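# Observations on the model geometry
Residues per chain, in single letters:
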Amino acid sequence: KQEVTQIPAALSVPEGENLVLNCSFTDSAIYNLQWFRQDPGKGLTSLLLIQSSQREQTSGRLNASLDKSSGRSTLYIAASQPGDSATYLCAVYGSGGSYIPTFGRGTSLIVHP
Amino acid sequence: GAVVSQHPSWVICKSGTSVKIECRSLDFQATTMFWYRQFPKQSLMLMATSNEGSKATYEQGVEKDKFLINHASLTLSTLTVTSAHPEDSSFYICSAHFSSVEQFFGPGTRLTVL
């Protein structure tokens, strides 16, 4: 059974810092990995989707990398801003064509001015 | 594209009443829809998977008679929490899938049972 772990669970940083959020998974036979953002009391906003054949994806100040062999993904946030404050969730889709992702518990990020 | 809506966004009800939550795919036909539950500071837990016109598949530990799912069309699935109790208070999120592996998530519904 796939297990997804996110470290750290919580992070508080001053504005402007570059951040790295970590996601690890136990079964490296994955199809896709997806990073989401969740604001308090809200649904999920997809940030980046990395297919198993890819090593990274970039969108603006966000960069996500994937190392299947080691079962790791990182989300890099450059020049953090207070508006980046949210919970970031990592989700892994299995290689069996399963449409059901396994989620980590998330990293709660606070960026203070 | 690939927008999923939920209604209502929040609901407060008395213990013992039933509550219906709708999930709609607005600009695509969803072959499969999913219902998740999220407790505070916890991750999303899959409750059930539903396909249009067939019975939902429930995850272990989820009572199918308590959480009724109806997938009436390729764009609408409903979750009814029957005889709700305070322990059913949670954040319910639906998602939809059509062709790729990726799921598209709704904005969620906050249920509070008094």
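Overview of the structure. Remember, predicted model here, so these are calculated numbers, not experimental data. (Residues numbered from 1 in each chain as written. Chains lettered and ligands numbered in written order. Predicted model: local features only at pLDDT ≥ 70, side-chain atom pairs only at ≥ 80, totals over all residues. Heavy atoms only, no water.)

### Regarding the state of the cysteines
Residue and element names in this part refer to chain A.
- Taken as a whole, this structure holds 2 disulfides over all chains when the rule is applied.
- Covalent S-S linkage joins Cys23 and Cys90, the inter-sulfur distance amounting to 2.0 Å. On the sign convention where negative means left-handed, the S-S torsion of about -65° between Cys23 and Cys90 marks this disulfide as left-handed. Placement of the pair is Cys23 in strand β3 (residues 19–25) and Cys90 in strand β9 (residues 86–94), with a sequence separation of 67 residues. (Disulfide = S-S within 2.5 Å. Helix = DSSP H or I, 4+ residues; strand = E, 2+ residues; numbered from the N terminus.)

### Brief notes about a nonpolar patch on the surface
Residues and elements named next belong to chain B.
- A contiguous nonpolar patch, built from Trp10, Ile12 and Leu114 and spanning about 380 Å² of accessible area, is present on the exposed surface.
- Structurally, the position occupied by Trp10 is in strand β2 (residues 10–13).
- On the basis of relative accessible area, Trp10 is assigned to the exposed category, the value being 57%. (Patch = residues over 30% accessible without salt bridge, like charges linked within 9 Å, V, L, I, M, F, W, Y side chains within 5 Å. Areas by Shrake-Rupley, 256 points an atom, 1.4 Å probe, with all protein chains shown as cover. Salt bridge = Lys/Arg side-chain N within 4 Å of Asp/Glu carboxyl O. Buried < 20%, exposed > 50% of the residue type's maximum accessible area, 1.4 Å probe, protein only.)

### What about unusual backbone geometry?
- Following Ile7 of chain A, the chain continues into Pro8 of chain A via a peptide bond in cis, with omega recorded as -5°.
- Its identity is not glycine, yet Ser83 of chain B carries a phi of approximately 45°, on the positive side.
- By relative accessible area, which is 34% here, Ser83 of chain B ends up partly exposed.

### Some points on the packing of aromatic side chains
- As enumerated under the stated definition, the model contains 7 aromatic pairs over all chains in all.
- With a centroid separation of 5.2 Å and an interplanar angle of 80°, the aromatic rings of Phe36 of chain A and Phe105 of chain B are classed as edge-to-face. Placement of the pair is Phe36 of chain A in strand β4 (residues 30–38) and Phe105 of chain B in strand β10 (residues 104–105), with the two residues belonging to separate chains.
- According to the relative accessible area criterion, Phe36 of chain A is buried, its value standing at 1%.
- Among the aromatic residues, those joined into a cluster by ring pairs are Phe36 and Phe103 of chain A together with Tyr36 and Phe105 of chain B. (Phe/Tyr/Trp six-rings, centres within 6.5 Å; stacked < 30°, edge-to-face > 60°.)

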